[in-house]
Amino acid sequence: MMNHSSLDNTMTFTSYGSFRPINYFFFTLTLLVYLLSIFSNVFLMLVIYFESSLHKPMYIFLFNLAVNGLIGSSTVWPKVMENLLSDTHKSSFLACLVQVFWGYFYMSSAYTTFSVMAYDRYVSICKPLQYHSIMTPGKVKTLLTVANVVPMSTLSLLVYLISTVPLCKYTTQNLFCDVMTLHNLSCVKSALVNLYATCLLTSLVGFPCIVVLLSYAVILNVSLKASKDAQKKALSTCSSHLITFINFGVATLFFAIYHRYTTFLPGKVYILITADWFAIPPLLNPVIYGIRTQEIRKCFVKTVRKIRFSGNF
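What you are looking at is a predicted structure, and each value in this text was computed from that prediction instead of being measured.

1. Quick notes on the packing of aromatic side chains
With the rule as written, the count across this model stands at 15 aromatic pairs. Seen in terms of ring centroids, Phe 101 and Phe 105 are 6.4 Å apart; in terms of plane orientation they differ by 15°. Their pairing is stacked. Here Phe 105 and Phe 101 lie together in helix α4 (residues 93-126), a separation of 4 residues that amounts to about one turn. For the pair formed by Phe 101 and Phe 105, the shared burial category is buried. Relative to Phe 248, the ring of Tyr 106 has its centre 5.4 Å away and its plane inclined at 75°; by these criteria the two rings are edge-to-face. With Tyr 106 in helix α4 and Phe 248 in helix α9 (residues 228-260), this pair connects stretches of sequence that are 142 residues apart. Neither residue differs from the other here; Tyr 106 and Phe 248 are each classed as buried.

Quick look at the structure:
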């Protein structure tokens, strides 16, 4: 049964401290990063949507990754900016649960999307003649559905389980709400929540990582036996995906390490890790793909020229 007494309470975030003039600087910096992240992801989505040459599985999955970046940025930064300009840094427990859901959906959906993108690259490079018969529109829709619906449904249950655990404290030094924070504030440590969270971590993070690593191990093995031109093509096709995957993986690793050794690390480390996890991947992913993917780069230039041309009239 849901713990209504907990839902009626308010969470307090002590990491912001009292309001100081320097908060305006941090607010401006956060707003700038947030707006750049929104712009870069939306622009990438528009380019993919309007350019028919990009209506391919690889770019459809990239479109989904851009949507995921918007979710990640919007889950944390608007509330952080509100707290930076306020003396009261509070949030209802219900809003905290919503933030937990979307924050972890951002993480898990990114990993499942990375795994289907790796599978797409594997089929493209290792089975080029069968690519169109394997990566059919129906197959792409199925992969996208699994990449989003599975995290959404399983995380809904996790949030429900957390909401049933009574909390003894409602004060945290973190910038936002997450599972480990709420678990540490609970009166009793729920074995069910621990077990379910571990299963989710294994299935939504561990398994996709294995898929990515195995896919690229096979791709590397095939590429080493191919010609120099084929190797360059494979590298240019896969490098953007690998860079964004490693970037996100390192950010997640730091986040997990912080929660494991939270009593030994200062709060400023947490702030840096949070910025890395929720700001850098959503901001850099579109930039990396725009710079390193020739087809997207050409469409970027084409779209910008269209905008400039239309602005002259």
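There's more to say after this.
2. A closer look at helix α3 (residues 57-84)
Residues three or four positions apart in an α-helix share a direction because the helix packs 3.6 residues into each turn. Over its 28 residues, α3 extends 41 Å from the first C-alpha to the last, a length consistent with the 40 Å expected when each residue adds 1.5 Å. A bend of about 30° at Ser 74 is the largest found in α3, and the proline Pro 78 appears one to four places after it. Counted residue by residue, α3 has 20 buried out of 28 residues, so it is predominantly covered.

So, how was this worked out
Residues numbered from 1 in each chain as written. Predicted model: local features only at pLDDT ≥ 70, side-chain atom pairs only at ≥ 80, totals over all residues. Heavy atoms only, no water. Phe/Tyr/Trp six-rings, centres within 6.5 Å; stacked < 30°, edge-to-face > 60°. Helix = DSSP H or I, 4+ residues; strand = E, 2+ residues; numbered from the N terminus. Buried < 20%, exposed > 50% of the residue type's maximum accessible area, 1.4 Å probe, protein only. Expected span 1.5 Å × (residues − 1). Bend = angle between axes of the 7 residues up to and from the residue.

Interpretation note: all reported values are geometric properties and have no functional meaning in isolation.
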